[in-house]
Amino acid sequence: AFASLNRNMNNVSGSFQRLSSTISGFTRGAVGAVLAGSIGEAIGSVVRYADTWTLMQNRLRSAGLTANQTAQAQTKIAEIASKSRSDLSETANLYARVAFATENMGVKQTDVARVTETLSMAFKMSGKTALEAQSAVTQFTQALSSGVLQGDELRSLRENAPEVARAIANAFGTSVGGLKQLGAEGKLTSDKIFQAILDAAP
């Protein structure tokens, strides 16, 4: 069923592109141009969504998820993006990065989704741009993969995702500034910072 859904999404993209060309061919004049523009914009939105859906599937599969896990993840990602008012593609990228970084930690997929949602909301609360948030995502997931949060990764997180840094600091009973010392001592391990984000979800 999931394979059929993906084929249908690809077919939708191709069909709407052909429809757009057809409409452009028979609309003439000022009214026709306006009509074609409105329809074309709507078609473009559908095509972009279909393309985003396919890209999301590829990212999740590359993160090591099975077909069944990918199907479940895609549904959850759409919910998270809507709930956090975040871009679908960016949310999928965050989910895939967290899933890949925690692949050897034995975490549940539900926890990956919960951390993804919490991080998405934290970035919104911090008022950061997509580029700044992306930098924080990269550093955070690299820390999860390496096993410890410290150095440049910790500094980037403190600067670009203060809400996330504050959640981790609270879990360790210290201030955001105090994280630097804990990082230098190797105490900010991946399992503990992951749990800190889970605990900060409420």
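Refer to the structure presented above.
To keep things clear, this report deals only with the structure shown in the data block. Being a predicted model, the structure only gives us computed values, none of them experimental.

### A few points about the overall build of the protein
- The helix and strand tally for the protein stands at ten helices and zero strands.
- The helix and strand sequence of the protein, counted from the amino end, reads α-α-α-α-α-α-α-α-α-α.
- Counting all 202 residues of the protein, 42% fall into the buried class.
- Intrachain contacts of the protein at a sequence separation of at least 6 include 65% that bridge at least 24 residues.
- By element, 52% of the accessible surface of the protein is carried by carbon and sulfur atoms, the whole surface being about 10,500 Å².

### What to know about the environment of serine 175
- Here serine 175 lies in the loop between α8 (162–171) and α9 (179–184).
- On the basis of relative accessibility, which here comes to 45%, the residue serine 175 falls in the partly exposed class.

### A look at the pattern of salt bridges
- Counted under the stated rule, the structure contains five salt bridges.
- Here glutamate 117 makes a salt bridge to lysine 83, at a shortest N to O gap of 3.0 Å. Here lysine 83 lies in helix α3 (residues 67–83) and glutamate 117 lies in helix α5 (residues 109–126), a separation of 34 residues in the sequence.
- Classification of lysine 83 by relative accessible area gives exposed; the value is 53%.
- The residue arginine 166 makes a salt bridge to glutamate 163 at a minimum N-O spacing of 3.2 Å. Of this pair, arginine 166 and glutamate 163 are both found in helix α8, three residues apart, which corresponds to roughly one turn of the helix.
- Classification of arginine 166 as partly exposed rests on a relative accessible area of 38%.
- The class of glutamate 163 is partly exposed, set by a relative accessible area of 26%.

### Considering α8
- Inspection of α8 places Val164, Ala165, Ala167, Ile168 and Ala169 among the buried residues, and these make up the whole buried set.
- Buried residues along α8 sit against α5, α7 (151–160), α9 and α10 (190–199).
- One or two residues past the end of α8 sits glycine 173, with phi positive at roughly 65°.

### Points about the packing of α3 against helix α4 (residues 88–101)
- α4 packs onto α3 with a crossing angle of 125° between their chain directions and a minimal axis gap of 9 Å. On the basis of the axis angle, α3 is oblique to α4. The handedness of the crossing between α3 and α4 is right-handed. Across the interface between the two elements, Ala73, Ile77, Ala78, Ile80 and Ala81 from α3 touch Leu88, Thr91, Ala92 and Tyr95 from α4.
- Its residues assigned to classes, the contact of α3 with α4 comprises eight nonpolar, one polar and no charged.

### Notes on the side chain of threonine 102
- Mapped onto the elements, threonine 102 comes out in the loop between α4 and α5.
- What makes threonine 102 buried here is its relative accessible area of 2%.
- Side-chain polar atoms of threonine 102 contact the backbone oxygen of valine 98, separated by 2.7 Å.

### Brief notes about the packing of α8 against α10
- Interhelical geometry of α8 versus α10 gives an angle of 105° and a closest axis separation of 9 Å. Considering the angle they form, α8 stands roughly perpendicular to α10. Of the residues in α10, those touching α8 at Val164, Ala167, Ile168 and Ala171 are Ile193, Ala196 and Ile197.

Definitions and cut-offs
Every residue gets a number counted from 1 within its own chain, in the order that chain's sequence is written. The predicted origin of the model limits local features to residues at a pLDDT of at least 70 and limits the giving and counting of side-chain atom pairs to 80 or more, whereas totals for whole chains, interfaces and linings rest on all residues. For side-chain calculations, the full set of non-hydrogen atoms in the structure is used, while hydrogens and water are omitted. Numbering of helices and strands runs from the N terminus, with a helix taken as a DSSP run of H or I at least four residues long and a strand as a DSSP run of E at least two residues long. Each residue's exposure class comes from its accessible area (1.4 Å probe, protein chains only) as a fraction of the maximum for that residue type: buried when under 20%, exposed when over 50%, partly exposed otherwise. In this analysis, two residues are considered to be in contact whenever any of their non-hydrogen atoms come within 4.5 Å of each other. Computed with the Shrake-Rupley method and a 1.4 Å probe, the accessible areas treat only the protein chains shown as cover for residues. A side-chain nitrogen of Lys or Arg and a carboxyl oxygen of Asp or Glu constitute a salt bridge if their distance falls within 4 Å. Axes here refer to lines fitted to C-alpha atoms; in helices the fit is confined to the stretch in contact. Angles between the N-to-C directions go from 0 to 180 degrees. Orientation categories follow fixed angle ranges, with anything under 35 degrees roughly parallel, anything over 145 roughly antiparallel, 65 to 115 roughly perpendicular, and all other angles oblique. A crossing counts as left-handed when the near helix is turned anticlockwise from the far one by less than a right angle, and as right-handed when that turn is clockwise. Gly is placed with the polar residues, together with every amino acid not listed as nonpolar (Ala, Val, Leu, Ile, Met, Phe, Trp, Tyr, Cys and Pro) or charged (Asp, Glu, Lys and Arg). As used in this structure description, the phrase polar contact means that two N or O atoms lie within 3.5 Å; if the pair is within protein, one of them must be able to donate a hydrogen and the other to accept it, and residues adjacent in sequence are counted only when both atoms belong to side chains.

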